[in-house]
Amino acid sequence: MSNKITWTKIDEAPELASHALLPILRAYLSRTGVEVETADISLAGRIIANFPECLRDDQKIPDELTRLGELAQTPDANIIKLPNISASIPQLKEAIAELRRKGYDIPDYPEEPSTEEERAVQARFGVVLGSAVNPVLREGNSDRRAAASVKAFARKHPHKMMKAWPASGSVTRVAHMSEKDFYGSEKATTVGAPTGVRIEFLDASGAVKVLKQRIPLLEGEVIDCAVMNVAALRKFYAEQMAAANAENALLSLHLKCTMMKVSDPVMFGHCVSVYFADALAKHAGALAEIGANVNNGMADVLGKLDRLPAKKKAEIEADIRACYEHGPGLAMVDSRLGKTNLHVPNDVIVDASMPVVIRDGGKMWNKDDALQDTVALIPDRCYATIYQAVIEDCKQHGQFDPATMGSVSNVGLMAKKAEEYGSHDKTFLAPGKGTIRIVDASGGTLLEQSVERGDIFRACQTKDEAVRDWVKLGVTRARATGAPAVFWLDPNRGHDAEIIRKITAYLPEHDASGLEIKIMKPVDAMKFSLDRIRRGEDTIAVTGNVLRDYLTDLFPILELGTSARMLSIVPLLGDGQLFETGAGGSAPKHVQQFLKEGHLRWDSLGEYCALVPSLELVAAKTGNPRAALLAKTLDEAIGQYLECARTPSRKVNEIDNRGSTFYLALAWAKALAAQGEDAELKQRFAPVAAALAENERTITAELLAAQGQRVDIGGYYRPDQELCNAAMQPSATLNAIIERM
């Protein structure tokens, strides 16, 4: 069995932090029989790997994502996956532009391909867009929870970010559609035998256009389809904009364009075009001529106005300003830059943004850099209702208290590209009025949806093996913790009804005696969980793939102040394990601060915590007692790290990620020097611990001296590795101690 840990090379703040942590980790693991390798699955790395024929030999890199996908299906998998960019089209284009500036002859992304060659290039980029990484590596279901030491620390030292809900009342609410959304249209079926299906469009005249030629389905697999009616969507947007204006509330849009890379950018674009309807309709011809695309946000429209004559540009800008004046105020991403919630689709991600609305007392930032109530648009009802349930609870009971609140851990169904996050290759815009249907190998129609031109059709798959494993994991966690396990499923949804039937069949395979296992609609499950949280009690949410994502941001942000501190273990179906760390939603802001003032506030606690079970896995698989001891002492060090408050500050000239990693290294060395199980390790780490302790003042001074000025790392998506090393390892004293090991 393998003694190798695979550490993913990714993007933004967590990648910068790796430059500080990995040299220490490799030094500590040297001569212990445990290896650490890296694999580049960054956005830029994935682009480079997908276009080898365009590059010089010295620029080519292997396709590490494919390799890791194959590794994830074997017992040797021990992968620590840091949060990577789930690229939107604007991010993809920025990364391509940066690579081209660096001499990589990568083709431009053709947004509107007009030739077969351009369509082929667009398809090749499709494997890079959105959630390209997760479905490949997540060959198992998810077990996400706060480590016991992290939760205990959070109760003892509650974070200070919670803001009270106003006693005077709040007009904040979640607005969702009441009909003609994905929820209302969803249909599903379970296939009884292996088959292949195709997706086709039938127009009013009876002509058939094949949208997807073949989708293989296994016995017992659930397939579903749903449609978002865009006329109803636009009507919903217009009504809610008027309501927000009347209520003097901000308007905010909460989608997930990074993961739902086909459907949600279109829904985003419709919101942009409704809000700015007067200006965009008046100048439709000119904007089409310059290639402005509302699906990429207002930033794309504004950025392309320079292609017009100055007089025309000024006229359009004036009409856009008039839309701002007459419409509701927009929630801001950065009020100093005038960057609104509708500027860039990947700036506001529902699972990261909605918990902050709740944490901030139901408010978002307005153009005057003040907090204000908001009407939060989440068009589809599948999950919008859970956030409204939290808001109603807070209006009734007030803000949550991190010092007393319980936990909601999660068992998530995500193996085998389950559910919505695996729908990208089966999502289409209806080419006209007619029917989109899923047809089996014999020509029979399994499912069909009536559509109008531009409607968004999506189909999702969920394999029986994944569901069976998910049920087992849910029962296993309930047995291990004694907490109730609640399956969040709505029998009124076509997909959920099929899954409920499977759960009913598979639960009797497990000993559930003495356990509390429930199946509840998501909104009812949320109310049940909130009631327990306020009593300080724990609950296990057993959910589908999207709710796994949403809840494992929501509850940790409220409980811990961040979702980056969650322990995420994925027991893979092939008997290996994947350990996911943190959440990257804040990573761009962290990088911006680092480049501006040399302070990286990314907290690597998620990475530290993931290393503990990763090392335990090496010990279990190989019988290496040193791996077990390394895990045990690292866990002790994490406890000391938290107790001594060594986490990064948000402010420049205070401890940042580099200082945090130093203090973890110090605590870990002390724990290894103090243990009595392995004399050789004790002897090896005693002088290391002594040297780090004796030089603490010098090292922290050298780390702080690196702050307070701009930092050049030679790029954003493909930074220079030597510059990153220099920036993240600025203490010559610390470097010398580590190198001597």
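My aim in this report is to walk through the structure given alongside it, one point at a time. This structure is a prediction, so every number in the text was calculated from the model and none was measured.

### Regarding the overall build of the protein
Across its full length, the protein holds 28 helices and 24 strands. For the protein, the C-alpha radius of gyration of 26 Å lies close to 27 Å, the compact-globule estimate for 741 residues. Dimensions of the protein, computed from the C-alpha atoms along their principal axes, are close to 80 × 70 × 65 Å. Sorting the 741 residues of the protein into buried and exposed places 59% on the buried side. Partitioning the intrachain contacts of the protein with sequence separation of at least 6 by distance along the chain shows that 79% fall at a separation of at least 24. Charged side chains of the protein number 88 positive and 98 negative; the gap between the two group centres comes to 2 Å.

### What about the pattern of salt bridges?
As enumerated under the stated definition, the model contains 58 salt bridges in all. Between Lys156 and Glu643 there is a salt bridge; the shortest N-O distance is 3.1 Å. Taken as a pair, Lys156 in helix α7 (residues 148-156) and Glu643 in helix α23 (residues 625-643) lie far apart in primary sequence, 487 residues in all. The residue Lys256 makes a salt bridge to Asp351 at a minimum N-O spacing of 2.8 Å. With Lys256 in the loop between β10 (250-253) and α10 (263-275) and Asp351 in helix α15 (residues 350-359), the pair connects residues that are 95 residues apart, well separated along the chain. With respect to class, Lys256 is no different from Asp351; both count as buried. Connected via shared salt-bridge partners are Lys4, Glu37, Glu64 and Arg67.

### Details of the sheet that holds strand β17 (residues 434-439)
Spatial ordering of the open sheet is given by β8-β7-β17-β18, a layout of four strands whose pairing is antiparallel. Since the sheet does not close on itself, it has two edges, and those belong to β8 (208-217) and β18 (445-451), each with one partner. Ignoring which end each strand starts from, the neighbouring axes of this sheet average 15° apart. In this sheet, β8 lies alongside strand β7 (residues 195-203) in antiparallel orientation, the contact comprising seven bridges. Paired with Leu202 across the bridge in β8 is Val208.

### Quick word on the side chain of Lys304
With respect to the element layout, Lys304 can be found in the loop between α13 (298-303) and α14 (310-326). Take Lys304: its relative accessible area is 10%, and that puts it in the buried class. For Lys304, the contacting residues outside a window of four places in its chain are Lys93, Glu111, Ile290, Gly291 and Ala292.

### A few points about the sheet that holds strand β16 (residues 427-429)
With antiparallel pairing, the four strands of this open sheet are ordered in space as β6-β9-β19-β16. Each edge of the open sheet carries a strand with a single partner, namely β6 (187-190) and β16. Averaged over all adjacent pairs, the angle separating strand axes in this sheet is 10°, with direction ignored. By the bridge criterion, three bridges tie β16 to strand β19 (residues 456-462) in an arrangement that is antiparallel. Bridge pairing links Leu429 to Ile456 in β19.

### Topic: the packing of α7 against α23
Running from N to C, α7 and α23 point in directions that differ by 15°, and their axes come no closer than 10 Å. Overall, the two elements α7 and α23 adopt an arrangement that is roughly parallel. Read as a crossing pair, α7 and α23 show a hand that is right-handed. Contact residues: α7 offers Ser149, Val150, Phe153 and Lys156, while α23 offers Asp635, Leu642 and Glu643. Per-class residue counts for the contact of α7 with α23 are three nonpolar, one polar and three charged.

### Things to note about unusual backbone geometry
The phi torsion at Arg31 lies on the positive side, around 65°, for a residue other than glycine. Mapped onto the secondary structure, Arg31 falls in the loop between α1 (12-29) and β2 (35-40). A relative accessible area of 60% means that Arg31 is categorised as exposed. Positive phi is not limited to glycine here, since Asp575 has a value of about 85°. Mapped onto the elements of the fold, Asp575 is located in the loop between β23 (566-571) and β24 (577-581).

### Some words on the pairing of β24
Counting buried residues in β24 gives four out of five residues, a clear majority hidden from the surface. Judged from the four bridges that link them, strand β3 (residues 78-81) and β24 form a sheet pairing that is parallel. Along β24, the bridge assignment pairs Asn78 with Gln577. Here five bridges tie β23 to β24, and the two strands are oriented antiparallel to one another. Counterpart to Ile569 in the pairing with β24 is Phe579. Between β23 and β24, which follow one another and run antiparallel, lie five residues, and Asp575 among them has a positive phi close to 85°.

### Things to note about the nonpolar core
Counting residues in each nonpolar core, the largest one holds 78 residues, and the members touching the most others are Trp7, Tyr28, Leu615, Ile638, Trp668 and Leu692. Grouped together as the second largest cluster of nonpolar side chains are 44 residues, Met162, Ile378, Tyr421 and Leu558 included.

### Brief notes about the pairing of β17
Most of β17 sits inside the fold, with six of its six residues counted as buried. Sheet topology places β17 next to β18; six bridges connect them, and they run antiparallel. From the neighbouring strand, Ile436 faces β18, where its bridge partner is Gln449. Adjacent in sequence and paired antiparallel, β17 and β18 are bridged by five residues, among which Gly443 carries a positive phi angle near 95°.

### A closer look at the packing of aromatic side chains
Aromatic ring pairs are described here by two measures, namely the spacing of the ring centres and the angle between the planes. In the structure shown here, the tally under the stated rule is 14 aromatic pairs. Aromatic pair Tyr28 and Phe685: ring centres 5.0 Å apart, planes at 65°, arrangement edge-to-face. Highlighted residues: Tyr28 in helix α1 and Phe685 in helix α25 (residues 679-694), separated in sequence by 657 residues. Comparing Tyr28 with Phe685 shows no difference in burial state: the two are buried. On the numbers, 5.9 Å between centres and 80° between planes, the contact of Tyr383 with Tyr550 is edge-to-face. With Tyr383 in helix α16 (residues 381-397) and Tyr550 in helix α20 (residues 545-560), this residue pair connects regions lying 167 residues apart in the sequence. Under the relative-accessibility criterion, Tyr550 is labelled buried at 11%. What links up through ring pairs into an aromatic cluster is the set Tyr28, Trp668 and Phe685. Its end group placed over the ring of Phe182, Arg458 keeps NZ or CZ at 4.0 Å from the ring centre.

### Some details on the side chain of Gln399
Note that Gln399 resides in the loop between α16 and β15 (408-412). What makes Gln399 buried here is its relative accessible area of 17%. For Gln399, the side chain forms a polar contact with the main-chain oxygen of Ile358, separated by 3.0 Å. Side-chain polar atoms of Gln399 contact the backbone oxygen of Arg359, separated by 3.1 Å. The residues touching Gln399, leaving out its near neighbours within four places in the chain, are Met162, Lys163, Ala164, Trp165, Ile358, Arg359, Gly361, Cys394 and Arg534.

Reading the values: rules and limits
Residues numbered from 1 in each chain as written. Predicted model: local features only at pLDDT ≥ 70, side-chain atom pairs only at ≥ 80, totals over all residues. Heavy atoms only, no water. Helix = DSSP H or I, 4+ residues; strand = E, 2+ residues; numbered from the N terminus. Rg over C-alpha atoms; globule rule 2.2 N^0.38 Å. Buried < 20%, exposed > 50% of the residue type's maximum accessible area, 1.4 Å probe, protein only. Contact = heavy atoms within 4.5 Å. Lys, Arg positive; Asp, Glu negative; His and termini not counted. Charge placed at Lys NZ, Arg CZ, Asp CG, Glu CD. Salt bridge = Lys/Arg side-chain N within 4 Å of Asp/Glu carboxyl O. Pairing = 2+ DSSP bridges. Axes fitted to C-alpha atoms, helices over the stretch in contact; angles between N-to-C directions. Parallel < 35°, antiparallel > 145°, perpendicular 65-115°, else oblique. Left-handed = near helix turned anticlockwise from the far one by under 90°. Nonpolar A, V, L, I, M, F, W, Y, C, P; charged D, E, K, R; others polar. Core = buried A, V, L, I, M, F, W, Y, C linked by side-chain atoms within 4.5 Å. Phe/Tyr/Trp six-rings, centres within 6.5 Å; stacked < 30°, edge-to-face > 60°. Lys NZ or Arg CZ within 6 Å of the ring centre and 35° of its normal. Polar contact = N/O pair within 3.5 Å; in protein donor to acceptor, adjacent residues only side chain to side chain.

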